[in-house]
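Chains, contacts and geometry: an overview
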Amino acid sequence: MCGIIGCFSKEGCYEKLMAGLARLEYRGYDSAGVALLSPDGALAVRKKKGGVAGLAGAPLPGDTGIGHTRWATHGKPSDANAHPHVAGKFALVHNGIVENYARLRAELAAAGETFVSETDSEVIVRLIARLYGGDFFAAVSAACARLEGSYAVAVLCSDFPGQIICAKQKSPLVAGASGGDLYVCSDIPALAGAAEYVCPAEDGEFIRIAAGRVVFCDGQGKEIPKVFTRLTAASRAETGGGSFMEREIAAVPRALADTLASLRASDFAPCARAMRAARRVFAVACGTAFHAALAFKDAVERDAGVPVLCHPSSEFRYRDPLVGPGDLVVAVSQSGETADTLEAARLAKSRGAYLLSVTNVECSTLAALADHNVAMRAGAEIAVAATKSYNCQLLCLYYLAAQLTFFRCTRWPAWFSSLDALAPAARAAFDSFSAVRALAERLRGAGGMYFIGRGQDVRTAAEGALKVKEIAYLFAEGCAAGELKHGTLALVEEGFPVLAVATSRRLAQKCENALAEAKARGAYAALFSQYEDVLSESCADFTCRLPAVTEALMPVVAVIPLQYFACSMCLLRGYDPDKPRNLAKSVTVE
Ligand code: F6R
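Residues numbered from 1 in each chain as written. Predicted model: local features only at pLDDT ≥ 70, side-chain atom pairs only at ≥ 80, totals over all residues. Heavy atoms only, no water.

A word on helix α4 (residues 136-145). Within α4, seven of the 10 residues are buried, which leaves it mostly tucked inside the rest of the structure. Listed as buried for α4 are F136, F137, A139, V140, S141, A143 and C144. Considering only its buried residues, α4 is in contact with β6 (90-98), α3 (121-131), β7 (149-157), β8 (164-169), β12 (206-210) and β13 (213-217). Among the residues of α4, the N-terminal cap falls to D135, whose side-chain oxygen and the backbone nitrogen of F137 are separated by 3.2 Å. (Buried < 20%, exposed > 50% of the residue type's maximum accessible area, 1.4 Å probe, protein only. Helix = DSSP H or I, 4+ residues; strand = E, 2+ residues; numbered from the N terminus. Contact = heavy atoms within 4.5 Å. Polar contact = N/O pair within 3.5 Å; in protein donor to acceptor, adjacent residues only side chain to side chain.)

Bridge count for strand β2 (residues 31-37) against strand β3 (residues 43-49) is seven bridges, and the pairing is antiparallel. Bridge pairing links V34 to R46 in β3. The hairpin formed by β2 and β3 contains five residues between the paired strands, and G41 there has a positive phi angle of roughly 90°. (Pairing = 2+ DSSP bridges.)

Of the volumes computed, that of the largest pocket is approximately 800 Å³. As for the largest pocket, its lining consists of 43 residues, and the residues nearest its centre are I188, V361, E362, C363 and S364. At the level of secondary structure, the elements contributing two or more residues to the lining of the largest pocket comprise β11 (197-200), β15 (229-230) and α11 (365-369). Residues lining the lining of the largest pocket come from more than one domain, with at least three contributed by each of domain 1 (3-231) and domain 2 (237-412). Taken as a whole, the second largest pocket holds about 630 Å³ of empty space. Along the wall of the second largest pocket there are 29 residues; nearest its centre are C286, G287, T288, E470 and V587. Among the secondary structure elements, those contributing two or more residues to the lining of the second largest pocket are α8 (287-303), β18 (328-333), α10 (339-350), α12 (388-409) and α15 (457-472). If one sorts the elements of the lining of the second largest pocket by residue count, α8 sits on top with five residues. Of the residues in the lining of the second largest pocket, the class split is 12 nonpolar, 11 polar and six charged. Each of two domains, domain 2 (237-412) and domain 3 (430-579), supplies a minimum of three residues to the lining of the second largest pocket. (1 Å grid on protein atoms, 1.4 Å probe; cavity = no way out; pocket = protein on both sides within 12 Å on 5 of 7 lines; lining within 4 Å. Points joined across faces, edges and corners; volume = space filled by probe spheres on them. Domains from an automatic or database assignment. Nonpolar A, V, L, I, M, F, W, Y, C, P; charged D, E, K, R; others polar.)

With that settled, the discussion passes to the site of the ligand. Inspection of the region around the ligand gives 15 residues, with S333, Q334, S335, T338 and E470 positioned closest. Within the backbone of Q334, a nitrogen or oxygen atom sits 2.7 Å from an oxygen atom of the ligand. A distance of 2.9 Å separates an oxygen atom of the ligand from a polar atom in the backbone of A386. Look at the ligand: alone it shows 400 Å² of surface, and the protein chains cover 89% of it. If you map the ligand onto the pockets, it falls in the second largest pocket. Mapped onto the shell around the ligand, the elements with two or more residues apiece are α8 and α15. (Near = heavy atom within 4 Å. Areas by Shrake-Rupley, 256 points an atom, 1.4 Å probe, with all protein chains shown as cover. Sits in = over half its atoms within 2 Å of the grid points.)

The full count for this structure, using the stated rule, is 20 aromatic pairs. Ring centres of F406 and W412 lie 4.4 Å apart, and the angle between their planes is 10°; this geometry places the pair in the stacked category. With a relative accessible area of 36%, W412 lands in the partly exposed category. Here Y450 and F475 contribute two aromatic rings whose centre-to-centre distance is 6.5 Å and whose plane-to-plane angle is 75°, an arrangement assigned as edge-to-face. (Phe/Tyr/Trp six-rings, centres within 6.5 Å; stacked < 30°, edge-to-face > 60°.)

Let us look at the domain arrangement of the protein. Many authors give the size of an interface as the accessible area that is lost as the parts come together. Under the domain assignment, the protein is made up of domain 1 (3-231), domain 2 (237-412) and domain 3 (430-579). Across the boundary between the two partners, domain 2 contributes 25 residues, which contact 22 residues of domain 3. Roughly 2,000 Å² is buried in total at the junction of domain 2 and domain 3, and carbon and sulfur atoms are behind 64% of that figure. Applying the counting criterion to the domain 2 and domain 3 interface returns one salt bridge. Across the pair R459 and D298 runs a salt bridge whose closest N-O atoms are separated by 2.8 Å. The interface formed by domain 2 and domain 3 includes 11 residue pairs in polar contact (both at pLDDT 80 or more). Broken down by secondary-structure element, the contributors of at least two residues to the side of domain 2 that touches domain 3 are α5 (244-250), α6 (252-265), α8 and α12. (Buried area = accessible area lost by both parts, 1.4 Å probe. Salt bridge = Lys/Arg side-chain N within 4 Å of Asp/Glu carboxyl O.)

If you want it as C-alpha cells, here you go:
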C-alpha cells in the first residue's frame, strides 16, 4: 500500500535506496521513483510507471535519498503520478491518504500553485514549499498540522544537504541504522540485511536524519528519546529459488515450529483476567486473517462454550457494534498495519474493551495498541497472498482458544497435547504437491470453481477460494457444502470444478453427498481428506490424502495443498504469484 524509504549513506546511497525499494515492492508496484540530494544541494529525480526494475539506469549522485513504490489511490498509475513529487526546493514521498486534499488543492491552486499530478500527495509538497521560510523542519511540521487522514512522508530540501525530515500519522514508519548508514522505511522486512538496529515511530512523531544522526522529535522539533532494537533474522525474507509464495509455503513447517515454541514461552497471565471475565468475545480481521478469525470462533465456541462475534474489520466500526467494557476483542493481522483492523481495534479500545492482538510483526501499530499481543513467528512474508502467516495465525488462535478454555473451564481441550504433530504434518502435506500440480494442470483453463466444506472446513474452503481469486485471477467461491443446493449449484455445468475439503469424520459423508450432487450435474469433483476410506468410497474424479492430525487441528494442515494449488494455477496461467494485480501486501488505507 505504497512503500517509502529514505537513506543517508556516504557510500552507494543510490544502490542502497534501490535495493531497499526492491525489498519494499510488495507494498505496491504501479510505479516507482527516487530522488537523490548531493552535498552541493543538487536534487536529481527519476520516476516511472511500473515496477522498480523499470527505474534502472546510471546511478544518481548524492548521499541522501528517498524512494517510493506506489499502490495507486488518487490518480491512475503514470509517470506524472509516480513519487517523489517535487515543488521548488522540495521532494517528497508519501504513503497514506490525505482526506482533505481536495480542499487544500483548491486553496493552493487559488494561491497560484500549478499541479502536475492527480495525487493527494502533491498537495503536501506544495504546502511545504509555500510554508517554507528557511526552516526545513518547521515547514514540514506546519504542513503536516494541516493534513487530515493518514501519512508517512519523507522529504528532502535542496537547502539542507544530508537531511531527511519524516512525519508519521496512521501510516507505518520505522527508522534504521547500521554503521554510518541511516534509514527510514515503511516497514521492517524491507530493512532486513541493510539496517542492524530499528525503531518504529508513533503517530504524531517526526524523524530527522541530519549531521549523520537519526533522531525522533515532536512537532516542535524537541527530541524524543528512543531505544533502537537489533533486527533479528526472523525479519528476513525466505531465501531460495522460485517465487516468494513458493518459498513461504515451503517454510510453513519451520514457521509452525517457531510459532509453537514462542507460544509456549509466552506468559498469558497478564490477560487471564480479561479471558476469564469476558462478557463477550469478538474477533476482527480482514481477508485471510478473517478466515483465521472464523476458525477461532469455531474453536472457542466448541471448546470453551463461549459465543464469539466475528466481524470483518472494515464493517465493525460502521455497524456501531455492541462492544464495551468487559468485552474481549481479538484483532488478527499479519502485518499489524491494516488500516481497517487498526480502526476496529481503536474503536474497541475506546469503548473500554480489552484488546488482544495476533500479529506477525511485533513492533507493528496493532501490537503497540493492544493490551496484549500474541506474536506469530512466521518470519517476514513478502508474497502478497498470505500463506505461512495463515497457518501460524490458526496455530496462535487455537492456542488462545485453549487458554480461554482453561481460564474459563479449568481444563485444556483434548487436542492441546497434539500441537507438536503440526509441523511434521505440514511437511508431510508437501507429498501431495505433485498430484495437486497435476490437478492444477487439469483445471488451468477453468472459468471458475467452487470450494466446499462443512463445519471448520468451510473456513479452509473460503481461504482456498480467496487464494485462487487473488493470484490465478479466476472466479472462485468458498461455501458451506450444504448451501450448494440453495442457489450456488445453478452455475454448475459440465466440467465445472468443485473442490471439497472433508476433515471431519462426522461430516465427511454429508460433504460427499454435496459433491455427488454437483457431480450429477457434470461437475469435476476433487476431494481432500485425511480419511482413506472416505477417499476410496467417494465419487470424486480427483482425491488427495491429507496427512492426519487430530481433527480439531486439521485446518492448519488441510489448507496447505490448497495454497499450493492456487500457486500452481497462477504459475501455469503465466502470472506472478508474488505481485497480483490491483493488490498490495499491507493495506494501510481504508
Ligand atoms: C490474502 C491476503 C489478505 C490479507 C488482508 C489482511 O491472501 O493476504 O486478504 O490477509 O489484507 O492483512 P493483515 O493480515 O496484514 O491484516
